[in-house]
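Structural description and commentary
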Amino acid sequence: MVEPQPSIAPHPDIAPLAPLLGIWRGNGRGEYPTIQPFGYVEEIRFGHLGRPFLTYRQKTRASDDGRPLHAETGYLRCPRPDRVELILAHPTGITEICEGSLAVEDGTLRLELDSTGIGRSSTAKLVTALGRSIHLSGDTIDYTLRMAAVGEPLQHHLAATLRRD
């Protein structure tokens, strides 16, 4: 389902994030000490409702057989022109709040985020920290995700390149 887009401009507070609006698709690679490396296909949708946040929906499938792997949904906020907040819910019983810097330079948008809060249900795996680096240049998003989970320290977990659809 596509998030309806109002005919109005995005809220002024999220103007620096407006280049993210739209649908992004691409491929990524995941690894972690406790699992086998894997490839995935991803789709991310950034939308807006005219309020001071972007909506965010993400889903991935295995690149080898197309089985569903992961999904996230939430919001991206910009409380100051140089700060950003990402608030997400994962179907695995995890909630994630990340905060960090936002920089716009020479047409490139850079978000550097670290978790400030991780919530988990009683049945969720133990995730203790997350970090995300998101770089948008033209019609390409490159991102990495770092994770500390199940007794392992914070380290690289995912990397992907997505292109505007």
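Look up: the structure comes first, before these words.
First things first, this report covers the structure right here in the doc. Note that residues are indexed from 1 along each chain, following the sequence as it is written. Predicted model: local features are reported for residues with pLDDT of at least 70 only, side-chain atom pairs are reported and counted for 80 or more only, and whole-chain, interface and lining totals are derived from all residues. Only heavy atoms go into the side-chain values, all of them from the structure, while hydrogens and water stay out.

**Some points on the overall build of the protein chain**
For the record, the criterion: Only DSSP runs of H or I with at least four residues qualify as helices, and only runs of E with at least two residues qualify as strands; both kinds are numbered from the N terminus onward. Throughout, radius of gyration means the C-alpha value; the globule benchmark is 2.2 Å times the number of residues raised to the power 0.38.
The number of helices and strands found in the protein chain is zero helices and ten strands. Of the regular secondary structure in the protein chain, the N- to C-terminal order runs β-β-β-β-β-β-β-β-β-β. Here the protein chain has a C-alpha radius of gyration of 16 Å; the compact-globule value for 165 residues is 15 Å, and the two agree. Over its C-alpha atoms, taken along the principal directions, the protein chain stretches across nearly 45 × 35 × 30 Å.

**Topic: the nonpolar core**
To be explicit about the condition: Note on terminology: a nonpolar core comprises buried Ala, Val, Leu, Ile, Met, Phe, Trp, Tyr and Cys residues joined through side-chain atoms within 4.5 Å. Burial status follows relative accessibility: with a 1.4 Å probe on protein chains alone, a residue under 20% of its type maximum counts as buried, one over 50% as exposed, and anything between as partly exposed. Pairs of residues are marked as contacts when any of their non-hydrogen atoms sit within 4.5 Å.
By size, the foremost hydrophobic cluster in this structure holds 35 residues, and its most contacted members are Leu 17, Leu 20, Phe 46, Leu 54, Leu 76, Leu 111 and Ile 141. The leading source of residues in this core is strand E9 (residues 140–149), at five residues. For Leu 20, the residues in contact, after removing those within four places along its chain, are Phe 46, Leu 54, Leu 76, Leu 109, Leu 136 and Ile 141.

**Some remarks on the pattern of salt bridges**
Should their charged atoms come close, side chains of opposite charge can pair. Basically, it comes down to this: Basic side-chain nitrogens of Lys or Arg form a salt bridge, by our definition, when they fall within 4 Å of a carboxyl oxygen of Asp or Glu.
As enumerated under the stated definition, the model contains eleven salt bridges in all. Put simply, Arg 25 and Glu 43 hold a salt bridge, and the shortest N to O gap is 2.6 Å. With Arg 25 in strand E1 (residues 22–32) and Glu 43 in strand E2 (residues 35–48), this residue pair connects regions lying 18 residues apart in the sequence. Using a relative accessible area of 34% as the deciding quantity, one classes Arg 25 as partly exposed. Note that Arg 45 is salt-bridged to Glu 43, the shortest N-O span being 2.7 Å. For the pair Arg 45 and Glu 43, a shared accessibility class is recorded, and that class is buried.

**Here's the deal with unusual backbone geometry**
For Asp 106, which is not glycine, the phi dihedral falls at a positive 50°. Structurally, Asp 106 can be placed in the loop between strand E6 (94–105) and strand E7 (108–120). Phi is positive for Val 150, which is not a glycine, with a value near 40°. Looking at the secondary structure, you find Val 150 in the loop between E9 and strand E10 (155–164).

**A short note on the sheet that holds strand E3 (residues 54–62)**
Cut-off, in case you're wondering: Strand pairing follows a simple DSSP-based rule, namely that at least 2 bridges must link the two strands. With axes taken as lines fitted to C-alpha atoms, and helix axes fitted only over the stretch in contact, angles between N-to-C directions fall between 0 and 180 degrees.
Spatially, ten strands are ordered E1-E2-E3-E4-E5-E6-E7-E8-E9-E10 in a closed barrel, and the strand pairing comes out antiparallel. Taken pair by pair, the neighbouring strands of this sheet meet at an average axis angle of 25°, ignoring direction. Here seven bridges tie E7 to strand E8 (residues 127–137), and the two strands are oriented antiparallel to one another. Residue pairing across strands places Thr 108 opposite Ser 137, the latter belonging to E8.

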